[in-house]
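Inside the fold
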Amino acid sequence: MKLRYILLFAFSFILSNAAFSQSKDVKLPSNWYNLDLVADGYFGISTEKAYKELLSNKKPKQNVIVAVIDGGVDINHEDLKDVLWTNKKEIPDNGIDDDGNGYIDDIHGWNFIGSKKGNLAYDNLELVRILRVYGPKYVSTIRSTVLDSTQKEEYALYLKANAEFGKKYNDAHYTFGIVSIINKVLDSVATINNKKIPSLEDIDKYVADNDDEEQVKKIIRGGSKDSGGIDKFYKEMKDAYKQYDVMLKYNLNVKYDQRQELVGDDYANAKERLYGNKDVAGPNAEHGSHVSGIIGANRSNSIGINGIANSVSIMAIRVVPEGDERDKDVANGIRYAVDNGAKVINMSFGKGYKWNKEVVDEAVKYAEQKGVLLVHAAGNDNEDVDVKENYPNKYFDGPEAAAYKKSIKKDALSALPFKIEQNQMQNQGMRRGPNSVVVKKAAIDTAKFRLPHAVNWIEVGASAYANDANLKASFSNYGKYNVDVFAPGFMINSTVPGSKYEEFDGTSMAAPVVSGLSALILSYYPDLKPNQVREIIMKSVSKVLQKVKYKNERGETVRVPFSDLCVSGGIVNAYEALKLAERYQSK
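This write-up is about the structure you can find in this document. (Residues numbered from 1 in each chain as written. Predicted model: local features only at pLDDT ≥ 70, side-chain atom pairs only at ≥ 80, totals over all residues. Heavy atoms only, no water.)

1. Here's the deal with the overall build of the chain
- When you go through the chain residue by residue, the secondary structure sums to 16 helices and 15 strands.
- Compactness check: the chain gives a C-alpha radius of gyration of 24 Å against a globular reference of 25 Å for 587 residues, within 12% of the reference.
- In the chain, buried positions account for 56% of the 587 residues.
- In the chain, of all internal contacts separated by at least 6 residues, the share reaching a separation of at least 24 is 80%.
- Total accessible area on the chain is roughly 25,000 Å²; 51% of this is exposed by carbon and sulfur atoms.
- Taken together, the 79 basic and 78 acidic charged side chains of the chain have centroids lying 4 Å from each other. (Helix = DSSP H or I, 4+ residues; strand = E, 2+ residues; numbered from the N terminus. Rg over C-alpha atoms; globule rule 2.2 N^0.38 Å. Buried < 20%, exposed > 50% of the residue type's maximum accessible area, 1.4 Å probe, protein only. Contact = heavy atoms within 4.5 Å. Areas by Shrake-Rupley, 256 points an atom, 1.4 Å probe, with all protein chains shown as cover. Lys, Arg positive; Asp, Glu negative; His and termini not counted. Charge placed at Lys NZ, Arg CZ, Asp CG, Glu CD.)

2. A word on the side chain of Thr-141
- Tracing the sequence through the fold places Thr-141 in the loop between helix H4 (126-138) and helix H5 (149-192).
- Apart from residues no more than four positions distant in its own chain, Thr-141 is found in contact with Leu-147 and Tyr-155.

3. Here we look at helix H10 (residues 286-296)
- Burial within H10 is extensive, with nine of its 11 residues counted as buried.
- Buried within H10 are the following residues: Gly-288, Ser-289, His-290, Val-291, Ser-292, Gly-293, Ile-294, Ile-295 and Gly-296.
- Taken together, the buried residues of H10 touch strand E1 (64-70), strand E5 (312-318), strand E6 (344-347), strand E10 (492-496), strand E11 (500-504) and helix H14 (507-524).

4. Notes on the packing of H10 against H14
- Packing of H10 against H14 leaves a shortest axis separation of 8 Å and a crossing angle of 35°. Between H10 and H14 the crossing geometry is right-handed. Here His-287, His-290, Val-291, Ile-294 and Ile-295 of H10 come into contact with H14, specifically with Ser-508, Met-509, Pro-512, Val-513, Ser-515 and Gly-516. (Axes fitted to C-alpha atoms, helices over the stretch in contact; angles between N-to-C directions. Left-handed = near helix turned anticlockwise from the far one by under 90°.)

5. Section: the nonpolar core
- Grouped together as the largest cluster of nonpolar side chains are 70 residues, with contacts concentrated most on Val-485, Val-514, Ile-521, Leu-528, Ile-537 and Val-572.
- With residues up to four places along the chain from it excluded, the contact list for Val-514 reads Val-375, Ile-458, Val-460, Val-485, Ala-487, Ile-537 and Val-572.
- By size, the runner-up hydrophobic cluster in this structure holds 39 residues, among which are Ile-113, Ala-270, Val-338 and Leu-374. (Core = buried A, V, L, I, M, F, W, Y, C linked by side-chain atoms within 4.5 Å.)

6. A short note on the packing of aromatic side chains
- Considering all chains together, one arrives at 20 aromatic pairs under this definition.
- With 5.6 Å between their ring centres and 70° between their planes, Phe-112 and Tyr-275 make a pair best called edge-to-face. Taken together, the residues Phe-112 in the loop between strand E2 (109-111) and strand E3 (114-115) and Tyr-275 in the loop between helix H9 (259-262) and H10 connect sequence positions 163 residues apart.
- Residue class for Phe-112 comes out buried when judged on its relative accessible area of 0%.
- The exposure class of Tyr-275 is buried, given its relative accessible area of 7%.
- Plain terms: the ring middles of Phe-449 and Tyr-481 are 4.9 Å apart, the flat faces sit at 20° to each other, and that makes the pair stacked. (Phe/Tyr/Trp six-rings, centres within 6.5 Å; stacked < 30°, edge-to-face > 60°.)

7. Examining the pairing of E1
- The element E1 is largely enclosed, with a buried count of seven among its seven residues.
- The two faces of E1 match: Val-64, Val-66, Val-68 and Asp-70 on one face and Ile-65, Ala-67 and Ile-69 on the other face are all buried.
- Sheet topology places E1 next to E5; seven bridges connect them, and they run parallel. If you follow Ala-67 over to E5, its bridge partner there is Met-315.
- Where E1 and E6 come together, four bridges link them in parallel fashion. (Pairing = 2+ DSSP bridges.)

8. Some remarks on the packing of H5 against helix H7 (residues 211-227)
- Contact geometry of H5 with H7 gives a least axis separation of 10 Å together with a crossing angle of 85°. Considering their axes alone, H5 and H7 lie roughly perpendicular with respect to each other. Residue-level inspection shows Ile-181, Ile-182, Val-185 and Leu-186 of H5 in contact with H7, the latter providing Glu-213, Val-216, Ile-219 and Ile-220.
- Among the residues forming the contact of H5 with H7, the class breakdown is seven nonpolar, no polar and one charged. (Parallel < 35°, antiparallel > 145°, perpendicular 65-115°, else oblique. Nonpolar A, V, L, I, M, F, W, Y, C, P; charged D, E, K, R; others polar.)

9. Quick notes on the environment of Asn-380
- Topologically, Asn-380 is positioned in the loop between strand E7 (373-377) and helix H13 (399-408).
- Note on Asn-380: relative accessible area 17%, which makes it buried.
- In the structure, Asn-380 is positioned 93 residues away from Ala-473 in sequence and 9.2 Å away in space, judged by C-alpha atoms.
- A distance of 2.9 Å separates the side chain of Asn-380 from the backbone nitrogen of Thr-507, its partner in a polar contact. (Polar contact = N/O pair within 3.5 Å; in protein donor to acceptor, adjacent residues only side chain to side chain.)

10. Remarks on the pattern of salt bridges
- Taken as a whole and assessed by the stated rule, the structure comprises 35 salt bridges.
- Here Lys-351 makes a salt bridge to Asp-327, at a shortest N to O gap of 2.9 Å. One end of the pair, Lys-351, is in the loop between E6 and helix H12 (357-369); the other, Asp-327, is in helix H11 (residues 327-339), and 24 residues separate them in sequence.
- Relative accessible area serves as the criterion here: at 7%, Asp-327 is assigned to the buried category.
- For Asp-361, the salt bridge goes to Lys-357, with nearest N and O atoms at 2.7 Å. (Salt bridge = Lys/Arg side-chain N within 4 Å of Asp/Glu carboxyl O.)

11. Notes on the pairing of strand E14 (residues 557-560)
- Pairing of strand E13 (residues 548-551) with E14, which is carried by four bridges, proceeds in the antiparallel orientation. Directly across from Lys-551, in E14, lies its bridge partner Thr-557.
- Between E13 and E14, which pair antiparallel in sequence order, lie five residues; one of them, Gly-555, sits at a positive phi of approximately 80°.

12. As for helix H8 (residues 230-251)
- In this model, H8 (22 residues) spans 29 Å end to end at C-alpha, consistent with the 32 Å of a helix rising 1.5 Å per residue.
- Along H8, the positions that sit buried rather than exposed are Ile-230, Phe-233, Tyr-234, Glu-236, Met-237, Ala-240, Tyr-244, Val-246, Met-247, Leu-248 and Asn-251.
- Packed against the buried residues of H8 are H4, H5, helix H6 (200-205) and H7. (Expected span 1.5 Å × (residues − 1).)

13. Here we look at unusual backbone geometry
- A cis amide bond links Tyr-391 to the next residue, Pro-392, at an omega of -5°.
- Within the fold, Pro-392 resides in the loop between E7 and H13.
- In this structure, Ser-499 is a non-glycine residue whose phi angle is positive, near 55°.
- For Ser-499, the position within the fold is in the loop between E10 and E11.
- Ser-499 sits in the partly exposed class, given a relative accessible area of 28%.

By themselves, these are just geometric observations and shouldn't be taken as functional.
Listed below in structure tokens is the structure:
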């Protein structure tokens, strides 16, 4: 594909995006997600209304520990340092496991992807790790090769992973080229004008060297408008460059694997638990810090932002590198949280493939037995998770699941087509242009949703700020049966390392809104069980009455009732949830 056509394709993404998602060319209140739709005009969750009208004369009955299983948390942030969980049984930095839990100097949590040798910053996608295992075994296999039942399943998984790998690599390679050219023009114009970031006027005055650069100027103008200004677009392009560089160097690089060197565990032993180090920030604490601030940034220090919960302690558990998390680490993160007193666990991560799902299932069951609520982000691929595999999830692998799979199993050797994921450029406005066509959705076999599953699990999609047809964040996954609720996850301002604050998008931001709400409920109503908190949150949503737009699997823009996108058919609401919790507590 010639460069000019790649650039024109990218430009078409930007032009179509404005018609498909809510605009970023708007100045929102920094706490819009805590505001009230009727009183303030933003589709927040009415947190401030709840504090003013329901909680002003009440005091929390307990401090709720919320575990943030993520990529790291900045424990020195001005708005987080006073709301961190502290292990009072451990003496800091004495090199001794004072509390005997197997983790030395775990003061604010634990890092399962590090060791004395350092921290694992990057890792592969799970599909790449699958290829590394099965590639040597099946690369020469053909359809006529005799395979037993286990080998057939492995080969089918290998074919699927290999097909998706090729498409992901091509997508990353082309997009990295686009982003590189955009950054080159931005930097050239900035240098010419002796600025760090050029203005749109500078871009307009810039004399392009060729037609390709002229197309890039159009992309910059369109992208800046969609992103809410050239400053934001500039940052998005720098972030995108880093993201795709990491994608090609590490995430999609079959030869890259530093797990043994930097973590040093017996990775083949999925039930091993005692490994890692005390560094809960790690090399990149941006994502986890942002998540933590949404949940519980200090509401009483008159600086920064106000988290949702006012009586909360954030437990930092690092298991997510830049790449796909590993099931073993996720399971251990859940167990560590439960054993150290967490009542809510936020999980703003996910992937399309599993490896050791059984140990994650065991950990989820353990959390369920101990009365701990799990809140999980639905994902940012605009996928239907009723159909598309998404891990971790609430369903348990077991005899019933195996029997169901066998009953619907197709030819294990059939290689199915897989579409390229388009989530990577969600913040850059590069999305496919929609066609306004209404199509009838294929029926879904609902029997699988009755398989054994956790009842202490909430799956969360992301919503935007205005109560209109674009309420569903364009990137958010959805599922009539598997996504429980939606919550604000677009242009969310929260804490990032260095005592700074930034706006992020993602279901990763929506999940901590629900985790914060869960902690808020439990701090005033401590006797509620996880399944009751889940029920309260789902029953008290603000119902979305109008039809909303989303892009279906064919790339067509359709309008559907919000109840087709999630179980509850609405956006979580703190005010209504607390009122309902009061009635539950009185029973």
